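Secondary and tertiary structure notes
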Amino acid sequence: MVFIIFLAFLIFQRVVELFIANSNERWMKEQGAKEYGQNHYRFMVLIHVGFFISLIVEIFIMNRSLHPYWPLLLIFFIIVQIGRVWVISSLGKYWNTKIIVLPGAEVVKKGPFKYMKHPNYFIVTIELLVIPLLFQAYVTACVFFILNQIILMVRIPLEERALKENTDYDTYF
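My aim in this report is to walk through the structure given alongside it, one point at a time. (Residues numbered from 1 in each chain as written. Predicted model: local features only at pLDDT ≥ 70, side-chain atom pairs only at ≥ 80, totals over all residues. Heavy atoms only, no water.)

Enumeration over the complete set of coordinates arrives at 9 aromatic pairs. Residues phenylalanine 3 and phenylalanine 135 carry aromatic rings whose centres are separated by 5.1 Å and whose planes lie at 80° to one another, so their mutual orientation is edge-to-face. Taken together, the residues span a long stretch of sequence, with phenylalanine 3 in helix α1 (residues 2-30) and phenylalanine 135 in the loop between α4 (119-134) and α5 (138-166) at a distance of 132 residues. Exposure remark for phenylalanine 3: the relative accessible area of 6% places this residue in the buried category. We classify phenylalanine 135 as buried; its relative accessible area is 3%. Between tryptophan 27 and tyrosine 94, the aromatic rings sit 5.9 Å apart at their centres with planes inclined by 80°, giving edge-to-face as the arrangement. In this pair, tryptophan 27 is assigned in helix α1 and tyrosine 94 in the loop between α3 (70-91) and β2 (99-101), connecting sequence segments 67 residues apart. (Phe/Tyr/Trp six-rings, centres within 6.5 Å; stacked < 30°, edge-to-face > 60°. Helix = DSSP H or I, 4+ residues; strand = E, 2+ residues; numbered from the N terminus. Buried < 20%, exposed > 50% of the residue type's maximum accessible area, 1.4 Å probe, protein only.)

Right, dumping it as structure tokens:
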């Protein structure tokens, strides 16, 4: 039952984020923004959908339960969620699940972006480990951590190139 509630929270959170991303995408494209990396985006979506499917299958079929140290993992998960909200609120209208860049826009240098280049990818990476570990879904944690790293090896260079071509990104990073 705990897993079902937790899963419902995660799915609700992701659906809300997709609504925000779609709204931001419309606004940015109305302002003249360009989209990059369309070819890899479908694979990123598949990885994230696959993560949820794998998590559900591993927990129910392999009869996984809460980790003995679940309170610590849950606290860590909550901290990561605060970071997730911090990233989204810092980027505001520029936050998206896709690589969409508005030519001439100033690079966001506030919030977690003062401290690192890609805090959202760091947060997602941590989530892909913490969420399965919370329920002892070790196969899901390993497989999707690796898949995420592979997709980020494609995505981050594309995003940085798009930012360098269209913004003052080189000045700050």
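There's more to say after this.
Applying the stated criterion to the full structure yields 9 salt bridges. Here lysine 29 ties to glutamate 35 by a salt bridge, and the two come within 2.7 Å at their closest N and O atoms. The salt bridge involving glutamate 127 is made with arginine 84; its shortest N-O contact spans 2.5 Å. Placement of the pair is glutamate 127 in helix α4 and arginine 84 in helix α3, with a sequence separation of 43 residues. Residues joined in a network through salt bridges with shared partners are Arg14, Glu17, Arg84 and Glu127. (Salt bridge = Lys/Arg side-chain N within 4 Å of Asp/Glu carboxyl O.)

To continue, consider the environment of glycine 92. Mapped onto the secondary structure, glycine 92 falls in the loop between α3 and β2. The spacing of glycine 92 and arginine 42 is 50 residues in sequence and 24 Å in space, taken between C-alpha atoms.

Let's shift gears to the nonpolar core. Membership of the largest hydrophobic core comes to 32 residues, with the highest contact counts inside it found for Phe6, Phe51, Leu55 and Ile131. When contributions to this core are tallied by element, the ones reaching two or more residues are α1, α2 (38-61), α3, α4 and α5. When neighbours within four sequence positions are excluded, phenylalanine 51 is seen to be in contact with Leu128, Ile131, Pro132, Thr140 and Phe144. (Core = buried A, V, L, I, M, F, W, Y, C linked by side-chain atoms within 4.5 Å. Contact = heavy atoms within 4.5 Å.)

Take the environment of valine 85 next. Here valine 85 is to be found in helix α3. What makes valine 85 exposed here is its relative accessible area of 53%.

Viewed as axis vectors pointing N to C, α3 and α4 meet at an angle of 155°, and their least axial separation amounts to 10 Å. As the angle between them shows, α3 and α4 are arranged roughly antiparallel. Regarding α3 and α4, the two cross each other, and that crossing is left-handed. On α4, the residues that touch Trp70, Leu73, Leu74, Phe76, Phe77, Val80, Gln81, Gly83, Arg84 and Val87 of α3 are Pro119, Asn120, Ile123, Val124, Ile126, Glu127, Val130, Ile131, Leu133 and Leu134. Its residues placed into classes, the contact of α3 with α4 shows 15 nonpolar, 3 polar and 2 charged. (Axes fitted to C-alpha atoms, helices over the stretch in contact; angles between N-to-C directions. Parallel < 35°, antiparallel > 145°, perpendicular 65-115°, else oblique. Left-handed = near helix turned anticlockwise from the far one by under 90°. Nonpolar A, V, L, I, M, F, W, Y, C, P; charged D, E, K, R; others polar.)

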